[in-house]
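# Structure at a glance
Listed below are the residues making up each chain.
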Amino acid sequence: MKKLTAVVVGYGGRGAAYAKYAIDHPEELDIVGVAEPNPARRASAAQWHNIPENHQYATWQELASQPKFADFLCQRTTCGFQAIDKGSGRGLPESDHGR
């Protein structure tokens, strides 16, 4: 099976919990980016998942302005995904696991 890559938008309780799958199953999933306005949460995501600084974003708008660099996006906020999906044209499908 191909190892997948994901970007997490919203690294609060739910986002961190879903991203933990990558820690528990590193052969299946790698978190390669994060969009999180809280600097401490963004730093936590970066530390836990070895996310390079150039893939750490304070807003989903910053993320949406970048070329696609992941297989999918795991959006764990209450707003924002529709704007990313329709506004960016980057082709990052949303994961609906856990809904």
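This report concerns the structure included in the present document. (Residues numbered from 1 in each chain as written. Predicted model: local features only at pLDDT ≥ 70, side-chain atom pairs only at ≥ 80, totals over all residues. Heavy atoms only, no water.)

This part takes up the environment of Ala35. Along the polypeptide, Ala35 turns up in strand S2 (residues 29-35). For the pair Ala35 and Gln56, spaced 21 residues apart in sequence, the C-alpha separation works out to 6.1 Å. Excluding residues within four positions of it along the chain, Ala35 makes contact with Val8, Val9, Gly10, Tyr57, Thr59, Trp60 and Leu63. (Helix = DSSP H or I, 4+ residues; strand = E, 2+ residues; numbered from the N terminus. Contact = heavy atoms within 4.5 Å.)

Arg42, Ala45, Ala46 and His49 are the residues of helix H2 (residues 39-49) that are buried. In a view along the axis of H2, the buried residues occupy a sector of 95°, so they form one face of it. Opposite the packed face of H2, turned more than 90 degrees from it, sit the exposed residues Ala40, Gln47 and Trp48. Where H2 is buried, its residues touch helix H1 (13-24), S2 and strand S3 (56-57). Between a side-chain oxygen at the N-terminus of H2 and the backbone nitrogen of Ala40 the separation is 2.9 Å; the capping residue is Asn38. Downstream of H2 by a residue or two, Asn50 has a phi angle that is positive, lying close to 55°. (Buried < 20%, exposed > 50% of the residue type's maximum accessible area, 1.4 Å probe, protein only. Arc of directions from axis to C-beta. Polar contact = N/O pair within 3.5 Å; in protein donor to acceptor, adjacent residues only side chain to side chain.)

If you walk across this open sheet you meet the four strands as S3-S2-S1-S4, and the pairing is parallel. The open sheet has two edge strands, S3 and strand S4 (72-75), and neither has a second partner. Looking at chain direction, strand S1 (residues 4-9) and S4 are connected through four bridges and run parallel. Its bridge partner lying in S4, Ala6 is registered against Phe72. The strands that H1 touches are S1, S2 and S4; relative to S2, the one it contacts most, it runs at about 150°. Each of S2 and S3 touches H2; the most contacted strand, S2, lies at about 160° to it. (Pairing = 2+ DSSP bridges. Axes fitted to C-alpha atoms, helices over the stretch in contact; angles between N-to-C directions.)

Attention now goes to the pattern of salt bridges. This model, assessed by the stated rule, comprises two salt bridges. With a closest N to O distance of 2.8 Å, Asp24 and Lys20 form a salt bridge. You can see Asp24 and its partner Lys20 sitting in helix H1, four residues apart, about one turn around the helix. According to the relative accessible area criterion, Lys20 is partly exposed, its value standing at 41%. (Salt bridge = Lys/Arg side-chain N within 4 Å of Asp/Glu carboxyl O.)

The phi angle at Asn50 is positive, at roughly 55°, despite the residue not being glycine. Classification of Asn50 as exposed rests on a relative accessible area of 67%.

Moving on, we come to the packing of aromatic side chains. Here the distance between the centres and the angle between the planes together describe a pair of aromatic rings. As enumerated under the stated definition, the model contains one aromatic pair in all. Where Tyr57 meets Phe69, the ring centres are 6.4 Å apart and the plane angle is 40°; that geometry is what we call tilted. One end of the pair, Tyr57, is in strand S3; the other, Phe69, is in the loop between helix H3 (60-64) and S4, and 12 residues separate them in sequence. Its relative accessible area of 5% is what places Tyr57 among the buried residues. (Phe/Tyr/Trp six-rings, centres within 6.5 Å; stacked < 30°, edge-to-face > 60°.)

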